[in-house]
Structures are given as C-alpha cells and as structure tokens.
Amino acid sequence: MKPDTKEAALSFKEIEMTFPDGTEALKDISFDIKREEFVTIVGPSGCGKSTLLKIASGLLDATGGTVAVDRDRLGYVFQDATLLPWRTVIRNVELLTELHNVPKDERRSLALETIETVGLKGFEDHYPKSLSGGMKMRASLARSLTLKPPVFLFDEPFGAVDEITREHLNDETQRLFKSEGFAGLFITHSIPEAVFMSTRVLVMSARPGRIVEEYEVPFDYPRHPDLRFEPEFARLNGEISKTLRGAHS
Amino acid sequence: MTTASPVSPRGRAASTARIVLPPMFLGVVILGAWYSVSYFALAENKRFLLQPPHQVAKVGFLEWETFSEILLALWSSTKVAAIGLVIAISIGFVLATIMSQTKLAERALFPYLVVLQAIPILAIVPLIQFWFGSGQLSRVVVCVIIALFPIIVNTLFGLQSAERGMHDLFTLHHANRITRLRKLMFPAALPAVFAGLRISAGLSVIGAIVGDFFFGRGEKGIGQLLSKFASRLDGEELLAAVIMSSLLGVAVFLLFGWIQQAAIGKWYAASSND
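Everything numeric in this text was worked out from a predicted model, so none of it was measured.

1. Digging into the overall build of chain B
And step 1. The helix and strand tally for chain B stands at 10 helices and 0 strands.
And step 2. Each helix (α) and strand (β) of chain B, taken in turn from the N terminus, gives the series α-α-α-α-α-α-α-α-α-α.
And step 3. Taking 274 residues into account, the globule formula puts the C-alpha radius of gyration at 19 Å, and chain B, at 24 Å, lies well above it.
And step 4. When its C-alpha atoms are laid out on the principal axes, chain B stretches across 80 × 65 × 30 Å.
And step 5. Here chain B holds 274 residues, and 31% of them are scored as buried.
And step 6. Partitioning the contacts of chain B with sequence separation of at least 6, the portion at a separation of at least 24 is 76%.

2. Notes on the overall build of chain A
And step 1. Scanning chain A from N- to C-terminus turns up 8 helices and 9 strands.
And step 2. Relative to the globule expectation of 18 Å for 249 residues, the C-alpha radius of gyration of chain A, 18 Å, shows essentially globular dimensions.
And step 3. If you line up chain A on its principal axes, its C-alpha atoms span 50 × 45 × 40 Å.
And step 4. Looking at chain A as a whole, 44% of its 249 residues qualify as buried.
And step 5. A sequence separation of at least 24 residues applies to 74% of the contacts in chain A between residues at least 6 apart.

3. So, unusual backbone geometry
And step 1. Here the bond from Arg207(A) into Pro208(A) is cis, since omega is -10°, no more than 30 degrees from zero.
And step 2. Along the chain, Pro208(A) falls in the loop between β8 (200-204) and β9 (211-216).
And step 3. Of note, the amide linkage connecting Tyr221(A) to Pro222(A) takes the cis form, showing an omega dihedral of -10°.
And step 4. Structurally, Pro222(A) can be placed in the loop between β9 and α8 (231-248).
And step 5. Even without being a glycine, Thr82(A) presents a positive backbone phi close to 45°.
And step 6. Residue position: Thr82(A) is located in the loop between β5 (74-77) and α2 (89-93).
And step 7. With a phi angle near 60°, Leu233(B) is a residue other than glycine that sits in the positive phi range.
And step 8. Relative to the assigned elements, Leu233(B) resides in the loop between α9 (222-231) and α10 (235-264).
And step 9. Leu233(B) gets classed as exposed once you count the C-beta atoms within 10 Å, which come to 10.

4. Description of the domain arrangement of chain A
Bring the parts together and some accessible area is lost; that lost area is often taken as the interface size.
All names here are of chain A.
And step 1. Here chain A is described as being made up of domain 1 (8-70 + 150-248) and domain 2 (85-148).
And step 2. Here the C-alpha centre of domain 2 lies 25 Å away from the C-alpha centre of domain 1.
And step 3. Each partner contributes to the interface: domain 1 provides 8 residues, whereas domain 2 provides 5 residues.
And step 4. Top contributing element to the side of domain 1 that touches domain 2 by residue count: helix α6 (residues 163-180), with 3 residues.
And step 5. Looking at the side of domain 1 that touches domain 2 residue by residue, the class counts come to 6 nonpolar, 1 polar and 1 charged.

5. Points about the sheet that holds strand β6 (residues 151-155) of chain A
All names here are of chain A.
And step 1. Taken together, the 6 strands give an open sheet; going across it, the order is β5-β6-β7-β3-β8-β9, and neighbouring strands pair in mixed fashion. With one partner strand each, in any of the chains shown, β5 and β9 form the two edges of the open sheet. Geometrically, the sheet is characterised by an average inter-axis angle of 15° between neighbouring strands, direction not taken into account.
And step 2. Across 5 bridges, the pairing between β6 and strand β7 (residues 183-188) is parallel. Counted as the bridge partner of Phe154 is Phe186 from β7.
And step 3. Along the sheet, helix α5 (residues 133-145) contacts β5 and β6; its crossing angle with β5, the most-contacted strand, is approximately 170°.

6. What to know about the nonpolar core
For soluble globular proteins, the rule of thumb is that nonpolar side chains tend to be buried together.
And step 1. The biggest cluster of nonpolar side chains holds 123 residues, and the ones touching the most others in it are Val151(A), Leu153(A), Leu185(A), Cys143(B) and Ala147(B).
And step 2. When residues in this core are grouped by element, the largest group, 15 residues, is from helix α6 (residues 136-159) of chain B.
And step 3. Excluding residues that lie within four positions of it along the chain, Leu153(A) makes contacts with Leu53(A), Ala56(A), Ser57(A), Leu74(A), Gly75(A), Tyr76(A) and Leu185(A).

7. Some points on helix α7 (residues 164-172) of chain B
And step 1. Where α7(B) is concerned, the buried positions are Met166(B), Leu169(B) and Leu172(B). Seen from one end, α7(B) has its buried residues packed into an arc of 120°, which puts them on one side.
And step 2. Where α7(B) is buried, its residues contact α1 (49-57) and β5 of chain A together with α8 (177-214) of chain B.
And step 3. The positive-phi residue at the C-terminal boundary of α7(B) is His174(B), with phi of around 55°.

8. What to know about the interface of chain B and chain A
And step 1. If you look at the interface, chain B gives 14 residues, while chain A gives 16 residues.
And step 2. Looking at the side of chain B that touches chain A, the elements that each hand over two or more residues are α7 and α8 of chain B.
And step 3. In terms of residue count, α7(B) provides more of the side of chain B that touches chain A than any other element does, 6 residues in total.
And step 4. Among the residues forming the side of chain B that touches chain A, the class breakdown is 7 nonpolar, 4 polar and 3 charged.

9. Re the domain arrangement of chain B
And step 1. Domain annotation of chain B identifies domain 1 (10-50) and domain 2 (64-264).
And step 2. Here the C-alpha centroids of domain 1 of chain B and domain 2 of chain B sit 32 Å apart.

10. Notes on the sheet that holds strand β1 (residues 8-18) of chain A
Residues and elements named next belong to chain A.
And step 1. The antiparallel open sheet is built from 3 strands, whose spatial order is β2-β1-β4. Across the chains shown, the open sheet's two edge strands, defined by having one partner strand only, are β2 (24-34) and β4 (64-69). Taken pair by pair, the neighbouring strands of this sheet meet at an average axis angle of 15°, ignoring direction.
And step 2. By the bridge criterion, 7 bridges tie β1 to β2 in an arrangement that is antiparallel. Bridge assignment links Phe12 to a residue of β2, and that residue is Phe31.

11. Some thoughts on the environment of Leu248(B)
Residues and elements named next belong to chain B.
And step 1. With respect to the helices and strands, Leu248 occurs in helix α10.
And step 2. For the pair Leu248 and Leu74, spaced 174 residues apart in the sequence, the C-alpha separation amounts to 8.0 Å.
And step 3. Aside from chain neighbours lying at most four places away, what touches Leu248 is Leu74, Thr78 and Val205.

12. Observations concerning the pairing of strand β3 (residues 38-42) of chain A
All names here are of chain A.
And step 1. The element β3 is extensively covered by neighbouring structure, given that 5 of its 5 residues are classed as buried.
And step 2. Here β3 shows two buried faces, one formed by Phe38, Thr40 and Val42 and the other by Val39 and Ile41.
And step 3. Direction of pairing for β3 relative to β7: parallel, over a ladder of 5 bridges. Across the sheet, Thr40 pairs through a bridge with Phe186, a residue of β7.
And step 4. Examined bridge by bridge, β3 and β8 share 4 bridges and lie parallel to one another. The residue of β8 that forms the bridge with Val39 is Arg200.

How each quantity is defined
- Residues numbered from 1 in each chain as written.
- Chains lettered and ligands numbered in written order.
- Predicted model: local features only at pLDDT ≥ 70, side-chain atom pairs only at ≥ 80, totals over all residues.
- Helix = DSSP H or I, 4+ residues; strand = E, 2+ residues; numbered from the N terminus.
- Rg over C-alpha atoms; globule rule 2.2 N^0.38 Å.
- Buried ≥ 20, exposed ≤ 12 C-beta atoms within 10 Å, placed from the backbone.
- Contact = placed C-beta atoms within 7 Å.
- Domains from an automatic or database assignment.
- Nonpolar A, V, L, I, M, F, W, Y, C, P; charged D, E, K, R; others polar.
- Pairing = 2+ DSSP bridges.
- Axes fitted to C-alpha atoms, helices over the stretch in contact; angles between N-to-C directions.
- Core = buried A, V, L, I, M, F, W, Y, C linked by C-beta atoms within 7 Å.
- Arc of directions from axis to C-beta.

What follows is the structure in structure tokens.
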C-alpha cells in the first residue's frame, strides 16, 4: 500500500475467520481505508464479504488478526432497511441518536436535517409500511447519517431495489460521500455500482475470501450519472469482471 | 402513495350492503327454520323445547324481571372473566419476558406450561374446590388457568419476532438489555400479544361460565342461571340467557379487535381504514 500522510480510519490487518463448523470464511485480509476514501468489495456470493463487515463493526470477532476502527459512531447500512415498523420515519431516523443519549431537541434537528439530505422531506410522519423499497433505504441512510459517522459500512444495501432506483441511490451515496467525507466500505455484487461510487474497488476470491486484486477508480467527483456510458467506465468494468470471473473458480 | 383514493358515498353504501346483506339473509333463513321447527316439527305439548323466537323475545328480553336477572348474572360473570384475564395477562407477561431473556428459563418453564395447557379443567375441579372453595375465587382460578397459555405463548413468540438485523442495530449502538426490551422487543411483540389477548379473552369468558356450573356459591353468574332455567324447563328464559352469553363472547371479541386496531392499526395492519 502506498504511504500516505492521512491516517487510516478503518484498518484490517491479517484478518482470518474460521467458523466453529470449520468453514474458512476469510484468509489474510489486510487493507486500510482513509477518510475521504470509498472502497467497494466485489466478490462471488458466500465469499465472506458480509462477514468482513460484521468483523469491522464488532458484531463478529475474527479468529485471527486485528481491526482498528472507532466503533463509537459507526455508520452501518444493512441489506434490509431494518426500520422499526412502529415508528414513523422521523422517529426511526432519531433512533440511533436516542440510543446514544443525544438530547431531544438536537435529536430532532439532526433527524430533520438528514431526512432532507436523503430527499425524504414531507415523509417524516409516514410509517415504513407506506414507503417504497427505495424510500425505506433512504430513511435507513438518514438514520446512520445522524451520527455523522467517520466510517460508513454498507452491506449490499441496494440489492433489493429496482435498477433505476438503485442508480439513483448510487448517485446519492456518492454525493453524500463527497459532502460528509466519511471513509466508506461498500459490499456489492454489482460491478457498475462499485465503479460508479468508489475511489477503489477490491476483488475478493471465493471461499476462503482473499483480496485478489485492487483497482483505483480515476474519475472525479461528483460523478455524473452519464459516466456509466463512458468508454473508460466500461473498460474498467470489463477488467474487474474478468478478474471476478477468475476469482470464482 | 399518501392518501387512498376517495371512496364515493355510493360506492361505500354498495360495499356496506355487500357485507351486511348476506348475513342478514342467512339470519332470516335461520329464523324461518326456527319457526317451522317450533310450529310444525314439535307437537303442542313438546313446544317448550324450542319456543318460537317472538316468545323467547317476549319472555326473555321484554319482561324486565327476567331480563334484569340475566343481565345481573352476565355482569357477575363478566367481572369474573375480566379479573381472571387481568391476572392471566400479568402472570403471562412476566413469565414470557423472563423466558425471552434467558434460554434456560424458557427450557425450564415450557414443559410445565404445556402440562398446564393440557390439564382437562374438569379433572382438577375437585382440587380447585378443595383449595379455593366453591365461590367466586375458584371461578377466577378457572379463568386464569385456561387464559394463561395463549398469552404466554403469543407474547413469547412476539418478543422473539424482532428481526436479526434490528437486534444487530441495537447491538452496534451498545443498547443495554432494558433499552432493547423497551424499544425493540416489546413493540415488536404487540401484534402477537393482541392476537393472544383475543384468544384468551374469549377463553376467559368461557372459563367464567363453565366455572359457574361447578362453583356456584356467592354472586350468581350466568352459568348458574343457565342451569337454573334448564332445571325448571324455562325454555324461553334459557334461550334468552344463551343468546346473551353468546353476545358477551362476541362483544369481548369485538372489543379486543377494536383495542388492537386503536393501539397498533396505524403501523401494523396491511390495510387500515384511516
């Protein structure tokens, strides 16, 4: 890894993960993510990508190696929006600050602010059951943003929404990344999604998961949706796709 | 997305008619069958077995003396059922909450709950009488015994129904046990709790009436009254009392449905009518 003056916000060192049943999920994973870096991991299903996020967040303990990250204000977006159905949008967005004992007034203003950021203004008093999949994901994003997290983990958050909604959400995520300046670690199956948002794409091999290749993404932010039609974008996509195909076997 | 399309008054009337007319029609058919049994199937000297509807209405509902006796007995049984239900709810919530907190407690308690559920109430009538006498207290005990199981099982199921991801979220943000219970598990349990309450409330009413047959001392419940009417061959009064008991069951069912709708209808029901 290139030496850099910025300190890593999230750092994995020789992570190994073997489950009690003997399954080797991860092997020798080492990489750093600095602030204002957005790293995406692509890899075959079941290669341990989500496991790595769980280890980063402390939901799982690795069987070897170390993680360095400030877990106090970790942003974590799950595969599902995990909104509490009995709370309105604004009460859902307030949940994390509530758990962190932020005073009520501040909680409210943070929630209103992030709801506006993700474009859900006007839906504050709606219950999750009346929101579309994309809107639920936005609410989930807003919820994490209230903590102003220095590190943001995304566990395949946009897998369940339709293609156009996904592109919108990708667009918004890279905009948020630029304005909030967090260190992002994003997990996905989708190579275009990875290339469109990231500063760096890591390709993980099939089980046991190892990082087999690393790609710098050279495009400037903010990235225009039409970037997806540029030849350079397609070329990088193709290259990663080829590596991923190799990683499958 | 925000508001459902407005329903025109005419459309609403039509849909109400679709809901109300079929049962009304069936009701008329049943009344007709009742009349024909009373007048054609039964000989004059056997008619007391099934008096025609208007006769039942006249004697059972319109004669204040009889009707007030029925109402008083019904009220007494309602109190018994309500007290039993409240006790069952209190015990049930506490046990289910404890069981949700440790697998050990769940494993230890569950077999005994199944036994409690499987006890034929008739088999322990003498025991209940031996311990609690043959008055109101014993009737309450019967209600508690038969209402407890659905409350515990449904509450426990509800407490365990919060999704894994939601638990992870609370774990990530260092929520303690109490916070997790209060902000995640209890609200998540509510739909199942209400389903359990509805079942248990109905069972509790049955318990109060059945308990009445065995433990008749003290204030007279509707079960006592039913057996009194039956032993005197008062057909009209007996039928009126049966009808009122059924109405009590229906009222309890509707009441709990209404409470459920008021409490969680806004976020839970797939289609709410607001």
